[in-house]
Amino acid sequence: MKVSEMLIPTLRETPAEAEIASHKLLLRAGFIRKTAAGIYTYLPLGMRVLKKIMNIIREEMDRQGAQEMLMPIMQPAELWHESGRWHVYGPELMRFKDRHNRDFCLGPTHEEIITALVRNEIKSYKQLPQLLYHIGNKYRDERRPRFGLMRGREFIMKDLYSFDRDEEGLDKSYQKMYEAYTNVFKRCGLTFRPVEADSGAIGGSTTHEFMVLADSGEATILFCDSCNYAANVEKVSVPAAGADPAGEKLEIKEVKTPGAHTVEQVSEFLGVEPHQIIKTLIYKTDKEVVAALVRGDREINEVKLYNALDCLRLDLADAKTVEEVSGAPVGFAGPVNLKDIRIIADPEVAQMVNAVTGANKADTHYINVNPGRDFKINIVEDIRMVTAGEKCPNCEGRLKEAKGIEVGQIFKLGTKYSKALKATFLDEDGKEKPIVMGCYGIGVGRTMAASVEQNHDEDGIIWPVSIAPYHVIVVPISTKDEQQVRIAEDIYKQLLDKGIEAVLDDRKERPGVKFKDADLIGYPVRVVIGKNAVENNTVEIYKRSTKETVNVSIEEVINTVQQLLFPQV
Ligand code: ATP
Ligand code: MG
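Residues numbered from 1 in each chain as written. Chains lettered and ligands numbered in written order. Predicted model: local features only at pLDDT ≥ 70, side-chain atom pairs only at ≥ 80, totals over all residues. Heavy atoms only, no water.

Looking now at the coordination of the magnesium ion (ligand 2). Surrounding the magnesium ion (ligand 2) are the protein donor atoms Glu406 (OE) and Gln409 (OE1), which sit 1.9 to 2.3 Å from the metal. With a relative accessible area of 26%, Glu406 lands in the partly exposed category. For Gln409, a relative accessible area of 12% puts it in the buried group. (Donors = N, O, S within 2.8 Å, 3.2 Å for Na, K, Ca; no water. Buried < 20%, exposed > 50% of the residue type's maximum accessible area, 1.4 Å probe, protein only.)

Quick look at the structure:
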C-alpha cells in the first residue's frame with residue numbers, strides 16, 4: 001500500500017498513561033488505541049501483527065493434529081454452576097442478565113463450554129483423543145488493567161483443550177502442546193523460558209508457564225544456577241528446614257511500642273532483628289477467618305496459603321474483621337490469645353524461640369513468645385515466598401531471580417471438569433469413564449506486547465520479520481523528483497511481485513519525518529531512493545535491527561532485500 005492512503009496515526013509525544021515500552025510504542029507507532037480501561041482497538045498495523053501471530057499459532061497447533069473451531073463469548077450461567085465456578089470466580093467474571101432475567105457471563109476461559117459440547121458429542125473411546133482450539137476474545141474484569149495489551153479486560157486468547165482416555169494419553173497431549181508452544185514463541189522471535197507453575201483456581205496438577213524474559217514482567221521466576229530448575233516464585237517450595245534451634249525459653253512479657261506497627265518499626269524500636277519477629281496476617285476465606293504467620297523477614301505466599309487452606313476464595317481480611325478477631329487496631333494482631341480462629345504457621349515460625357509478636361492491643365507487643373507454649377499452631381505448612389540466594393529445591397545450587405511476562409500456560413486438568421459436567425465415554429472394556437482433559441492458553445495480544453518489550457530501542461520498535469506488519473518500506477527522498485518517484489514505484493512493485501510485503505512512503509513529508517516514522521513503526525528493512533539512484537543507479541538499504549546501511553545498484557535491490565529478510569533462502 002501507499003503510506004498516504006493508510007491509517008497510521010503516529011504520535012510524537014508519549015501518552016501520559018503509558019508506563020512500559022511496549023505500551024508507549026504501540027500507541028505512538030499507531031498500532032493500538034484505547035477505548036476504555038483495559039479495552040483496546042487494534043488499528044490496521046496492529047491487526048496485521050495480530051494476524052501473523054495467530055497464523056503462527058494456527059500452524060503449530062494444526063501441525064500437532066489440533067482442529068480449530070469457534071466458541072461463543074456469551075456463556076449461560078448454568079454451565080458455570082455445574083462446574084462450581086460461578087461462585088469461585090469472583091468479581092473478575094463479567095456477569096449480566098438477558099431480557100428474561102437469565103444469568104450469563106462473558107467467557108474468561110472456555111472449559112465449561114467445551115466440556116459441555118464434548119459430553120454430548122463424544123461417547124466412545126474410538127472418538128478419542130481430540131485436540132480442539134479456538135482463538136477469540138476473553139473477558140476478565142481485572143483489578144488492575146494496565147500496560148496496554150499486557151493486562152486487558154478484553155483480550156484475545158488461543159485456548160486449546162485436549163481430551164484423552166487416560167493419564168498416559170494426557171501426557172502425550174501435554175507433550176505435544178509443550179512442543180507447539182516452544183515452536184510458537186521461537187517463531188515469534190522471543191527469548192522465553194518454560195517454568196513450573198501453580199495450577200491455581202483453574203484446578204489440575206502439572207502446569208508450565210511460558211515466560212518471556214523482560215524487566216517489565218509482572219511475574220517473578222526463580223531458576224537454579226547449577227541445575228535446570230526454573231519455576232514461578234509462587235510455586236518454589238522451601239528446602240527442608242534444619243534442626244530445632246536450641247535456647248532457653250524466657251518468660252513472656254508485654255512491652256509498649258507506641259506508633260510502631262510495621263516489622264521495620266518494631267525491629268528498630270525494640271532493637272531486634274526482623275527474623276526474630278512473627279508477622280501475623282489475618283485472612284478471610286469462604287469458610288473461615290484465619291491467622292497466617294511467617295517470620296518478619298519473610299513474605300507470605302498467598303498461592304501456597306490458598307492451597308494449604310483448601311478453600312475457594314482467599315482475601316486479606318478488612319480492618320473490621322481484624323479488629324473483631326484481635327480486639328486491636330490493624331497492625332497489632334498477634335497469635336497469643338487470638339479469638340477462636342485457626343492459626344497456620346510457616347515451619348520457620350514453629351521453630352522460633354523468644355520471638356516478638358503483636359499483643360492484640362494498640363501500641364503493644366509481646367517479647368519472649370514461644371510457639372507451642374504461648375499459642376497453639378493448627379497447621380504447620382510452607383506458606384512463605386522463597387527469594388533469590390536461597391538453596392534450589394532440587395540440588396545444592398543457589399536460586400537466581402528474573403522477571404517474566406507470562407505469554408502462555410499449559411495445564412493437566414485431569415478429570416476436574418469432566419467429572420463436574422459429566423463428560424464420560426465408554427472405554428474398550430465397556431466401562432464408563434470420565435474424559436481426561438488438559439487446557440492450553442496463549443495470550444495473543446500479550447505476545448505482541450511482549451515482543452515489543454524485547455525488541456525495541458530509543459527510536460522505536462524492531463519487529464522480528466516473522467511478525468512485522470510489513471517487511472519493507474520504500475522511501476523516495478523527494479516526491480517532487482519524478483525520476484526518484486518512478487524508481488521507487490518500480491522497486492515497490494517488484495517487491496510485491498516477489499511476495500515481499502512492502503509499503504511505499506509517497507507522503508509529501510521531509511525525509512527526516514519519514515525516517516523517524518519508519519524507525520518508530522519498526523519495518524525490518526527500509527529502501528531509500530535519493531539523488532544517487534537517479535545519478536549513479538545506487539539505492540540505500542537500511543536494516544532496522546542493526547541500523548546498518550548498504551548501497552547497492554538498482555538491479556541488486558530485490559535480491560539484497562530478500563537476503564536481509566530471509567537469510568537462509
Ligand atoms: P495472569 O497470571 O497474567 O493474570 P493468568 O494465569 O490468569 O494470567 P491464563 O488463565 O493462564 O492467565 O490465560 C492464558 C494466557 O492468556 C496467559 O498466559 C496470558 O498470556 C493471557 N492473558 C491472561 N490474562 C490476560 C489479560 N488480562 N490480558 C491479556 N492477556 C491475558
Ligand atoms: Mg496463567
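Where helix 2 (residues 44-63) contacts helix 12 (residues 444-454), the axes come no closer than 10 Å and their chain directions differ by 110°. As the angle between them shows, helix 2 and helix 12 are arranged roughly perpendicular. For helix 2 against helix 12, the interelement crossing comes out right-handed. On the side of helix 2, the interface is formed by Gly46, Val49, Leu50, Ile53, Met54 and Ile57, while helix 12 contributes Val444, Gly445, Thr447 and Met448. Of the residues assigned to the contact of helix 2 with helix 12, the class counts are seven nonpolar, three polar and no charged. (Axes fitted to C-alpha atoms, helices over the stretch in contact; angles between N-to-C directions. Helix = DSSP H or I, 4+ residues; strand = E, 2+ residues; numbered from the N terminus. Parallel < 35°, antiparallel > 145°, perpendicular 65-115°, else oblique. Left-handed = near helix turned anticlockwise from the far one by under 90°. Contact = heavy atoms within 4.5 Å. Nonpolar A, V, L, I, M, F, W, Y, C, P; charged D, E, K, R; others polar.)

Once that is clear, we can look at helix 7 (residues 263-270). Of the positions making up helix 7, those classed as buried are Val263, Val266 and Ser267. Along the axis of helix 7, the buried residues cluster in a sector spanning 100°; they form a single face. Those residues of helix 7 that are exposed and aimed more than 90 degrees away from the buried face are Glu264 and Glu268. For helix 7, the elements touching its buried residues are strand 14 (278-285), strand 18 (355-358) and strand 19 (364-369). (Arc of directions from axis to C-beta.)

Quick look at the pairing of strand 21 (residues 399-414) now. Note that strand 10 (residues 207-213) and strand 21 share seven bridges and pair antiparallel. From the neighbouring strand, His208 faces strand 21, where its bridge partner is Ile410. (Pairing = 2+ DSSP bridges.)

Right, let's talk about the domain arrangement of the chain for a bit. Segmentation of the chain into domains returns domain 1 (47-237 + 400-452), domain 2 (253-380) and domain 3 (470-565). Each of domain 1 and domain 3 has a C-alpha centre, and these two points are 42 Å apart. (Domains from an automatic or database assignment.)

So, on to the nonpolar core. Within the largest apolar cluster, 66 residues are counted, with the highest numbers of intra-cluster contacts made by Leu26, Phe31, Met61, Met448 and Trp463. Ranked by the residues each element gives to this core, the list is headed by helix 2, at eight residues. Taken together, domain 1 (47-237 + 400-452) and domain 3 (470-565) each give at least three residues to this core, which thus spans both. What Met448 contacts, discounting residues up to four positions off in sequence, is Leu26, Phe31, Tyr42, Gly46, Val49, Leu50, Ile53, Leu149 and Trp463. Formed by 26 residues, the second largest nonpolar core is a distinct cluster that contains Trp80, Trp86, Tyr89 and Met437. (Core = buried A, V, L, I, M, F, W, Y, C linked by side-chain atoms within 4.5 Å.)

On to the pairing of strand 19. Each regular strand shows side chains that alternate between the opposite faces of the sheet. Counting buried positions along strand 19 yields five of six residues, so the element is predominantly enclosed. Note that strand 13 (residues 253-256) and strand 19 share four bridges and pair antiparallel. The residue bridging Lys253 from the neighbouring strand is Ile367, located in strand 19. In terms of strand pairing, strand 18 meets strand 19 through three bridges, oriented antiparallel. Bridge pairing links Gly358 to His365 in strand 19.

What follows covers unusual backbone geometry. Going from Leu128 to Pro129, the amide bond is cis rather than trans, its omega being 0°. Structurally, Pro129 can be placed in the loop between helix 5 (111-121) and strand 7 (130-139). Phi angles above zero are rare outside glycine, and Asn360 is one such case at about 55°. By relative accessible area, which is 10% here, Asn360 ends up buried. Located in the positive-phi region is Asp363, a residue other than glycine, with phi close to 55°.

This brings us to the sheet that holds strand 30 (residues 538-543). Spatially, 28-27-29-30-31 is the arrangement adopted by the five strands of the open sheet, whose pairing is mixed. The strands lining the two open edges of the sheet, one partner per strand, are strand 28 (502-504) and strand 31 (548-553). Pairwise comparison of adjacent strand axes, ignoring direction, gives a mean angle of 25° for this sheet. By the bridge criterion, six bridges tie strand 30 to strand 31 in an arrangement that is antiparallel. Bridge pairing in strand 31 links Lys543 to Glu548. Sheet contacts for helix 16 (residues 557-565): strand 27 (472-476), strand 29 (525-529), strand 30 and strand 31; angle to strand 30, the most-contacted strand, approximately 10°.

Going through the model one piece at a time under the given rule, you end up with 44 salt bridges. Between Arg58 and Glu68 there is a salt bridge, with the nearest N and O atoms lying 2.7 Å from each other. On the criterion of sequence distance, the pair formed by Arg58 in helix 2 and Glu68 in strand 3 (residues 67-68) is long-range, its members being ten residues apart. Owing to a relative accessible area of 24%, Arg58 belongs among the partly exposed residues under this scheme. Residue classification places Glu68 among the partly exposed positions, given a relative accessible area of 37%. Here Glu324 and Lys320 are joined by a salt bridge, their closest N and O atoms 3.6 Å apart. Taken together, the residues Glu324 and Lys320, both in helix 9 (residues 319-326) and four residues apart, mark about one turn of the helix. The class of Glu324 is partly exposed, set by a relative accessible area of 49%. One connected set of salt bridges, linked through shared partners, spans Asp457, Glu458, Asp459, Asp519, Arg526, Arg544 and Lys547. (Salt bridge = Lys/Arg side-chain N within 4 Å of Asp/Glu carboxyl O.)

This paragraph deals with the packing of helix 13 (residues 482-497) against helix 16. As a packed pair, helix 13 and helix 16 sit with axes 10 Å apart at the nearest point and diverge in direction by 50°. Considering their axes alone, helix 13 and helix 16 lie oblique with respect to each other. For the crossing formed where helix 13 meets helix 16, the hand is right-handed. Packed against helix 13, whose contacting residues are Ile491, Gln494 and Leu495, the element helix 16 presents Val557, Ile558 and Val561 at the interface. Taken together, the residues that form the contact of helix 13 with helix 16 break down as five nonpolar, one polar and no charged.

On to the site of ligand 1, then. In the vicinity of ligand 1 there are 14 residues, among which Arg140, Glu142, Arg151, Gly152 and Glu406 approach most closely. Arg140 places a side-chain nitrogen or oxygen 2.9 Å from an oxygen atom of ligand 1. One nitrogen or oxygen atom from the side chain of Glu406 is found 2.6 Å from an oxygen atom belonging to ligand 1. Taking 580 Å² as the accessible area of ligand 1 by itself, protein coverage stands at 83%. Residue assignment for the shell around ligand 1 shows that the elements contributing at least two residues are strand 8 (154-164) and strand 21. At four residues, strand 21 tops the list of elements feeding residues into the shell around ligand 1. In terms of residue class, the shell around ligand 1 is built from five nonpolar, four polar and five charged. (Near = heavy atom within 4 Å. Polar contact = N/O pair within 3.5 Å; in protein donor to acceptor, adjacent residues only side chain to side chain. Areas by Shrake-Rupley, 256 points an atom, 1.4 Å probe, with all protein chains shown as cover.)

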